[in-house]
Amino acid sequence: MKLDTDTICIILARKNSKGIKNKNIKPICDNPLIFYNINSSLKAGLKTYVSSDCDNILKFSEECGAIPFKRNSKYASSTSPSEEALLEFCYTLDRNVTIVFVQPTSPLLESKHLLEGLNLLTSFDSVFSAYKQHWLPNWSKNIHPIGWSLNSRPMRQDKSPVYIENGAFYISKSDDIKKSKLRYSGNIGIYEMSLQDSFQIDNLQDWELVEQLLYGKIKQSM
């Protein structure tokens, strides 16, 4: 299979999931989870592919307007890094294109986030989404301060904030992915999202929280 567009969105959605059974096609706010990122990608005008080892996921994705890409099962285990599936997809391309890698566990992602992230490629080789976190006292499992002292606790305003990768999307060139074997490389830029839009679904507690946030967004847009 040869692909020939300048910018392509690829959503990775394997069959099995540890935290929540059939997570990617489990209904949340009346639609399967994967629906939201397919919809956001298509609204951004992106040619959208879904890579999966699951025929049900591929069938539903096609009904939503995405193009199914059957993933080799050896790249779909719980220990398979996303880069393996990305590389499998990139090696089908006949020229260097922009890859927008989106994860279905981030249903609060909107089309505007993807478009604004793509705009950053004028200054960077790769871009990923993140949220800003101000300093908080971190502790080890053995209850020892990490990077600070009990005797001289820093003031929050004296510490620089950090960016936390939220996993919503990554943007890079397909040739760079093939060369580096990584989802980002070269001069890397950050697209800042709000904390509220950054929540990912990994377990049932996350699911319940994101469901409420998603419901609020849907209600607000009506």
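Computed from a prediction, not measured in an experiment: that's the story for all the values here.

Attention now goes to the environment of Leu 58. Note that Leu 58 resides in helix α2 (residues 55-63). For the pair Leu 58 and His 134, spaced 76 residues apart in the sequence, the C-alpha separation amounts to 40 Å. With residues up to four places along the chain from it excluded, the contact list for Leu 58 reads Val 50, Ser 52, Pro 68, Phe 69 and Lys 70.

What follows covers a nonpolar patch on the surface. Judged by side-chain polarity, Trp 139, Ile 143 and Leu 150 come together as a nonpolar surface patch covering roughly 340 Å² of accessible area. Structurally, the position occupied by Ile 143 is in the loop between β8 (138-139) and β9 (145-146).

Of note, Cys 29 is a non-glycine position whose phi angle comes to about 50°, a positive value. Within the secondary structure, Cys 29 is located in the loop between β2 (27-28) and β3 (31-32). A positive phi angle, near 80°, is found at Asp 30, a position not held by glycine. If you trace the backbone, Asp 30 turns up in the loop between β2 and β3. Assessed through its relative accessible area of 76%, Asp 30 is described here as exposed.

Reading the values: rules and limits
Residues numbered from 1 in each chain as written. Predicted model: local features only at pLDDT ≥ 70, side-chain atom pairs only at ≥ 80, totals over all residues. Heavy atoms only, no water. Helix = DSSP H or I, 4+ residues; strand = E, 2+ residues; numbered from the N terminus. Contact = heavy atoms within 4.5 Å. Patch = residues over 30% accessible without salt bridge, like charges linked within 9 Å, V, L, I, M, F, W, Y side chains within 5 Å. Areas by Shrake-Rupley, 256 points an atom, 1.4 Å probe, with all protein chains shown as cover. Salt bridge = Lys/Arg side-chain N within 4 Å of Asp/Glu carboxyl O. Buried < 20%, exposed > 50% of the residue type's maximum accessible area, 1.4 Å probe, protein only.

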